[in-house]
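If you want the building blocks of each chain, they are given just below.
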Amino acid sequence: MQEPSDLCTLHLDRFKAEPAIFAAPGRVNLIGEHTDYAEGFVMPAAIDFATLAGISSRDDGKIVVYSENFKEERVFNVLALPKTATKHWSDYPMGVVHILSGEGQVIPGFSLSIWGDVPLNSGLSSSASVEVATALAVTSLTGITYPGPILARLCQRAENEFVGASCGIMDQFISANGAKDHALLLDCRDLSFKLAPIPESVALVIANTMVKHSVAGGEYTTRRAEVEEAAAVIAQHRPEVRFLRDANLDDLARWGAQMSPSALKRARHIITENTRTVDAADALIHHDLARLGRLMAEAHISYSRDFEASCFEADTMVTLANDLKGLIGARLTGGGFGGCTINLVEREEAEHFAEALGASYTIETGIVPQILICHASDGAHRVH
Ligand code: ADP
Ligand code: MG
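Cut-offs applied
Residues numbered from 1 in each chain as written. Chains lettered and ligands numbered in written order. Predicted model: local features only at pLDDT ≥ 70, side-chain atom pairs only at ≥ 80, totals over all residues. Heavy atoms only, no water. Helix = DSSP H or I, 4+ residues; strand = E, 2+ residues; numbered from the N terminus. Buried < 20%, exposed > 50% of the residue type's maximum accessible area, 1.4 Å probe, protein only. Polar contact = N/O pair within 3.5 Å; in protein donor to acceptor, adjacent residues only side chain to side chain. Near = heavy atom within 4 Å. Areas by Shrake-Rupley, 256 points an atom, 1.4 Å probe, with all protein chains shown as cover. Nonpolar A, V, L, I, M, F, W, Y, C, P; charged D, E, K, R; others polar. Domains from an automatic or database assignment. Contact = heavy atoms within 4.5 Å. Buried area = accessible area lost by both parts, 1.4 Å probe. Salt bridge = Lys/Arg side-chain N within 4 Å of Asp/Glu carboxyl O.

Caption draft 1: Region of the structure containing the environment of valine 118. Examined against the element boundaries, valine 118 turns out to sit in the loop between strand S5 (110–116) and helix H3 (126–142). Judged by its relative accessible area of 2%, valine 118 falls in the buried class. Taking the C-alpha atoms as reference, valine 118 lies 31 Å from glycine 61; in sequence the two are 57 residues apart.

Next comes the structure, spelled out in structure tokens:
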């Protein structure tokens with residue numbers, strides 16, 4: 001793992017100025033998939049893999065951003081901030097600068113060095129961790145700081161409006177507001193949230209299938225359209241239903257025949273997933289790990305069969321995990337069609353579990369997976 005003191009040294013060498021250092025974690029979603037844009041519930045946890053951002057001010061009117069991961073520097077002028085993305089990693093920090101400037105913040109010159117150990121492009125939200133770390137760093141210079149939920153919304157806007165990625169609020173929210181040893185049940189409608197304790201005896205084991213099927217982009221769009229179609233059918237009968245968050249299984253029994261068969265299945269996933277996600281938080285709060293494990297198993301089946309967002313590799317990873325000692329619950333996490341599974345595992349079995357899962361996955365698929373043993377961590381903060 002990267003150390004703040006190493007980033008401090010690196011920043012000092014490069015910019016000849018002592019940085020203030022901020023950390024923002026990546027995340028894993030324990031349950032609640034594709035529910036965010038239906039104004040439903042998600043329950044992620046921040047993980048102990050993070051992006052560090054070191055910042056120091058400059059008096060030459062320049063913004064210089066450096067990424068140790070990419071070993072590359074970009075220079076901007078505070079009087080001519082970029083207004084559009086360039087399909088470069090610097091879009092993420094500069095998107096945040098763009099949004100903060102649009103909020104009326106006067107952006108001074110600064111040097112920013114970033115360095116993360118959240119695996120990039122693996123569905124653990126390295127992008128949100130860069131945005132949130134940057135936002136904390138830059139606002140420490142402007143002096144206008146924001147509460148975590150508002151900071152998260154600004155970073156989401158940087159990704160939606162500047163980078164051009166249509167992510168929901170979850171990633172930035174948990175990176176900004178996560179709490180050590182807790183999952184966070186987030187109501188995507190009003191951003192109210194509740195922390196649910198993860199017992200010390202439980203490890204979060206993230207298993208990367210190492211595949212991302214290229215259908216993912218297009219399928220995301222069709223899934224969203226199907227979810228909206230289902231909500232629209234129900235709304236014809238019950239106008240108060242604006243999103244599937246407001247619908248229930250009775251609605252599907254009555255009016256499901258008026259939807260396309262796939263819209264009906266997608267809606268069944270969203271409606272049952274919302275219930276499962278709220279139940280899962282309740283199970284954690286009541287230390288009922290067996291119930292939590294059952295809910296995760298049901299969530300995977302629903303995601304795979306009704307939402308049809310799994311794939312051979314992810315189903316294999318979950319099936320193999322189900323046979324291993326120490327497993328509490330396993331499911332595919334993230335947008336689908338590959339990416340990572342999340343396994344809740346008894347901590348004392350975690351090392352052995354990870355080894356056995358990796359070996360059997362390689363035998364079944366011929367692919368060597370990346371497996372990370374994580375713990376729920378604090379959200380973004382200044383590092384002293
Ligand atoms: P994910 O968020 O799942 O990791 P994304 O595609 O949303 O995947 O975001 C990954 C992108 O975020 C990287 O390709 C890069 O542009 C940017 N990024 C993440 N971490 C860093 C970093 N440490 N330095 C520079 N850019 C980063
Ligand atoms: Mg991302």
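Caption draft 2: Inspection of the side chain of histidine 11 at higher detail. Structurally, histidine 11 can be placed in helix H1 (residues 4–15). A polar atom in the side chain of histidine 11 sits 2.8 Å from the side chain of serine 56.

Caption draft 3: Geometry of the site of ligand 1. Around ligand 1, 18 residues are found, and the nearest of them are Ser67, Asn69, Asn121, Ser126 and Ser127. Contacts to ligand 1 include asparagine 121, whose backbone N or O atom sits 2.9 Å from an oxygen atom. Glycine 123 places a polar main-chain atom, nitrogen or oxygen, 3.0 Å from an oxygen atom of ligand 1. When isolated, ligand 1 has an accessible area of 570 Å², and the protein chains bury 84% of it. Those elements that provide at least two residues to the shell around ligand 1 are S5 and H3. In terms of residue count, the dominant contributor to the shell around ligand 1 is H3 (3 residues). Taken together, the residues of the shell around ligand 1 break down into 8 nonpolar, 9 polar and 1 charged.

Caption draft 4: Region of interest: the domain arrangement of the protein chain. Domain boundaries in the protein chain define domain 1 (4–197) and domain 2 (202–374). Taking only C-alpha atoms into account, the centre of domain 1 sits 26 Å from that of domain 2. The interface is formed by 31 residues belonging to domain 1 together with 40 residues belonging to domain 2. Summing both partners gives a buried area of about 3000 Å² for domain 1 against domain 2, and 67% of it is carried by carbon and sulfur. With its nearest N and O atoms 3.9 Å apart, the salt bridge here joins glutamate 39 to arginine 242. Summed over the shared surface of domain 1 and domain 2, the result is 16 residue pairs in polar contact (both at pLDDT 80 or more). Listed by contribution, the elements that provide at least two residues to the side of domain 1 that touches domain 2 are strand S1 (20–31), strand S2 (41–57), strand S6 (182–187) and strand S7 (193–197). Residue contributions to the side of domain 1 that touches domain 2 peak at 7 residues, all from S2.

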